[in-house]
Amino acid sequence: QVQLVESGGGSVQAGGSLRLSCAASGYTITYYSMAWFRQAPGKKREGVAGIRSGGYSRYADSVKGRFTISKDNTKNALYLQMNSLKPEDTAVYYCAAEHTVVADILESSLFSFWGQGTQVTVSS
């Protein structure tokens, strides 16, 4: 039932900022755990930031202090504010959702619904 569509990706210089959005349709995200994952060429998919339905959030150590995850239940949208971007942040970023209990909100295998991804490229 859930369809997720990411937007907001692009190409920026190191130190710049981007705000990613994930629009959900087919169902409301109020009772879903939501997360952002990313995958760079030659690397495995990694959890970036996750947020539970109750608002609890968690971040990967590599982005802590630079990225902020948030959601707006009334707009049925998830966001990822990315500041102080580094070249190593370059990847395809995916939005994911899960309506069951998620023990680890940065574990990709626990999420059922996925968007198509949006490319983020950070140049030196």
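Residues numbered from 1 in each chain as written. Predicted model: local features only at pLDDT ≥ 70, side-chain atom pairs only at ≥ 80, totals over all residues. Heavy atoms only, no water.

### Things to note about unusual backbone geometry
One non-glycine residue, Asn 76, lies in the positive phi region at around 55°. Along the polypeptide, Asn 76 turns up in the loop between β7 (67-72) and β8 (77-82). The backbone of Ser 84 sits at a positive phi, close to 50°, despite the residue not being glycine. The residue Ser 84 is located in the loop between β8 and β9 (91-98) in this model. Note on Ser 84: relative accessible area 41%, which makes it partly exposed. (Helix = DSSP H or I, 4+ residues; strand = E, 2+ residues; numbered from the N terminus. Buried < 20%, exposed > 50% of the residue type's maximum accessible area, 1.4 Å probe, protein only.)

### Examining the side chain of Glu 6
Considering the arrangement of structural elements, one finds Glu 6 in strand β1 (residues 3-7). As a buried residue without a salt bridge, Glu 6 has its nearest oppositely charged side chain in Arg 45, at a separation of 8.1 Å. A distance of 2.7 Å separates a polar atom in the side chain of Glu 6 from the backbone nitrogen of Cys 95. A distance of 2.8 Å separates a polar side-chain atom of Glu 6 from the backbone nitrogen of Gly 117. Sequence-distant contacts of Glu 6, defined by excluding residues within four places in its chain, comprise Ser 21, Cys 22, Trp 36, Tyr 93, Tyr 94, Cys 95, Gly 115, Gln 116, Gly 117 and Thr 118. (Lys, Arg positive; Asp, Glu negative; His and termini not counted. Salt bridge = Lys/Arg side-chain N within 4 Å of Asp/Glu carboxyl O. Polar contact = N/O pair within 3.5 Å; in protein donor to acceptor, adjacent residues only side chain to side chain. Contact = heavy atoms within 4.5 Å.)

### Structural notes on the nonpolar core
Counting 31 residues, the largest nonpolar core has Leu 4, Met 34, Trp 36, Leu 80, Met 82 and Tyr 93 as the members making the most contacts within it. The set of elements that each furnish at least two residues to this core consists of β3 (18-25), β4 (33-39), β5 (46-51), β7, β8, β9 and β11 (118-123). If sequence neighbours within four positions are ignored, Met 82 has contacts with Gly 16, Ser 17, Leu 18, Leu 20, Arg 66, Phe 67, Tyr 93 and Val 120. Ala 35, Phe 37, Val 102 and Ile 105 belong to the second-largest nonpolar core, a separate cluster that totals six residues. (Core = buried A, V, L, I, M, F, W, Y, C linked by side-chain atoms within 4.5 Å.)

### Some thoughts on the pattern of salt bridges
Evaluated as defined, the whole model comprises five salt bridges. With a closest N to O distance of 2.9 Å, Asp 89 and Arg 38 form a salt bridge. One end of the pair, Asp 89, is in the loop between β8 and β9; the other, Arg 38, is in strand β4, with 51 residues separating them in the sequence. A relative accessible area of 0% places Asp 89 in the buried class. According to the relative accessible area criterion, Arg 38 is buried, its value standing at 5%. Notably, a salt bridge pairs Arg 58 with Asp 104, separated by 2.5 Å at the nearest N-O pair. Remark: Asp 104 occurs in the loop between β9 and β10 (113-114) and Arg 58 occurs in strand β6 (residues 57-59); sequence separation between them is 46 residues. Owing to a relative accessible area of 25%, Asp 104 belongs among the partly exposed residues under this scheme. Among the ionic contacts, a cluster of salt bridges with common partners joins Arg 38, Glu 46, Arg 66 and Asp 89.

Purely geometric numbers; function is a separate question.
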